[in-house]
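Given next are the chains, with one letter for each unit.
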Amino acid sequence: MKKTEKFIVLRDKNTGSYIQNYKNNEGAFTFSARLISEIQDAATNLIDSIEITENDGQSLKALAQGLGCEILVVEAEYTLKTLDGKEPKDLMEEIKEAKRKHVENFLRGLLADNDDDYDTMEEV
């Protein structure tokens, strides 16, 4: 099973290392950042976060600039296999079908003829 993801990371412009985390230093206008060399351990964010943040991503761009980093878009493709090398079962279709059946049953319950309930109540 192949899975493709698209996300962003921050890379230091001088060393090529990736930001794993950063912290604002209390009582000062400074911050510290932890850098790592392996991209799989880097802090990630959704690509949409650039568009979601105020002023068309200016806060993320300002953070990157303050950290001396550039924003990189990562497009990664994963191949998923079970331990024995087989392709895992795709559960997404089963989940969608279960949700559809649940909604269908809920609507049937709402639209069902409730005359039987009223007849039972009158006999009491």
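Because the structure is a prediction, the values reported are computed rather than measured.

What counts, and at which threshold
Throughout this document, residue positions are counted from 1 along each chain, in the order its sequence is written. The model is predicted, so local features are restricted to residues of pLDDT at least 70 and side-chain atom pairs to those at 80 or more, both for listing and for counting; the totals for chains, interfaces and linings are taken over all residues. Hydrogens are left out, water is left out, and the side-chain values use all remaining heavy atoms of the structure. Take the buried residues of types Ala, Val, Leu, Ile, Met, Phe, Trp, Tyr and Cys, join any two whose side-chain atoms come within 4.5 Å, and each joined set is a nonpolar core. Burial here depends on accessible area, computed with a 1.4 Å probe over protein chains only, as a share of the maximum for the residue type. Under 20% is buried, over 50% is exposed, and the range in between is partly exposed. Strands are runs of DSSP state E lasting at least two residues, helices are runs of H or I lasting at least four, and both sets are numbered from the N terminus onward. Any two residues having at least one pair of non-hydrogen atoms within 4.5 Å are treated as being in contact. Salt bridges, as used here, are contacts in which a Lys or Arg side-chain nitrogen is within 4 Å of a carboxyl oxygen on Asp or Glu.

Caption draft 1: Seen up close, the nonpolar core. By size, the foremost hydrophobic cluster in this structure holds seven residues: Phe7, Val9, Tyr18, Ile36, Ala42, Val74 and Ala76. At the level of secondary structure, the elements contributing two or more residues to this core comprise β1 (2–12) and β5 (69–79). When near neighbours in sequence (up to four residues on either side) are disregarded, Phe7 contacts Thr44, Asn45, Ile47, Leu72, Val73, Val74, Ala76 and Tyr78. Counting five residues, the second-largest nonpolar core is a separate cluster that includes Leu10, Ile19, Ala64 and Leu67.

Caption draft 2: Molecular detail of the pattern of salt bridges. A full pass over the atoms with the stated rule returns seven salt bridges. With its nearest N and O atoms 3.6 Å apart, the salt bridge here joins Lys3 to Glu5. For Glu5, a relative accessible area of 31% translates into the label partly exposed. Taking the shortest distance from any N to any O, the salt bridge between Glu70 and Arg11 comes out at 2.5 Å. Pair noted here: Glu70 is in strand β5 and Arg11 is in strand β1, with a separation of 59 residues, a long-range link. We classify Glu70 as partly exposed; its relative accessible area is 26%. Salt bridges sharing common partners tie together Glu97, Arg100, Glu104 and Arg108.

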